[in-house]
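# Fold and contact review
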Amino acid sequence: QVQLVETGGGLVQAGGSLRLSCEASGNFVRINTMGWYRQCLDKERELVAIISRGDSTVYADFAKGRFSISRGNAKNTIYLQMNSLKPEDTAVYFCSSKGIWAAEAYYDVNVWGNGTLVTVSS
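In what follows, the accompanying structure is described.

Quick notes on the rules
- Residues numbered from 1 in each chain as written.
- Predicted model: local features only at pLDDT ≥ 70, side-chain atom pairs only at ≥ 80, totals over all residues.
- Heavy atoms only, no water.
- Buried < 20%, exposed > 50% of the residue type's maximum accessible area, 1.4 Å probe, protein only.
- Helix = DSSP H or I, 4+ residues; strand = E, 2+ residues; numbered from the N terminus.
- Pairing = 2+ DSSP bridges.

### Looking at the pairing of strand β9 (residues 91–102)
- Counting buried residues in β9 gives nine out of twelve residues, a clear majority hidden from the surface.
- Pairing between strand β4 (residues 30–39) and β9: nine bridges, direction antiparallel. Bridge assignment links Met34 to a residue of β9, and that residue is Ser97.
- Bridge analysis of β9 against strand β11 (residues 116–121) gives three bridges, and the strand direction is antiparallel.

Now the structure itself:
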């Protein structure tokens, strides 16, 4: 139904910036909510930011003021702009989607991408 592919991860120095991209494809009309999560070493996966179909956003405390989630012109793509990166931001960042409209119906399904690694050097 939905496939998510993240790009943009890599190695960056502390204080630098990266922009992650997530492209959704598959058999759907539109996605309800999309977001970014991350998993740091030896920690549980945690919310970074989410964006609704109406473009309202929610950010984790650590992301406020530094990270920004947005949609592309085509709403099958979202971005995560990360500024002022810190070594503790090092993690695998995952794109997620929740809820799709397809085949004239709504499906309450959750889909995850495979993640992209962000490494922030100190």
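### What to know about unusual backbone geometry
- If you check the backbone angles, Asp55 has positive phi at about 75° while not being a glycine.
- Looking at where Asp55 falls in the secondary structure, it is placed in the loop between β5 (46–52) and β6 (57–59).
- Assessed through its relative accessible area of 40%, Asp55 is described here as partly exposed.
- Of note, Ala103 is a non-glycine position whose phi angle comes to about 55°, a positive value.
- Considering the arrangement of structural elements, one finds Ala103 in the loop between β9 and β10 (105–112).
- By relative accessible area, Ala103 is classed as exposed at 65%.

### A closer look at the pairing of β5
- Across six bridges, β4 lies against β5 in antiparallel orientation. In the sheet register, Tyr37 faces β5, and the bridge partner there is Leu47.
- Hairpin connection between β4 and β5: a loop of six residues separates the two successive antiparallel strands, and Asp42 in this loop has a positive phi of roughly 65°.
- In this sheet, β6 lies alongside β5 in antiparallel orientation, the contact comprising three bridges. Bridged to Ile51 within β6 is Thr57.
- Connecting β5 to the antiparallel partner β6 that follows it, the hairpin turn spans four residues, and Asp55 within it adopts a positive phi of roughly 75°.

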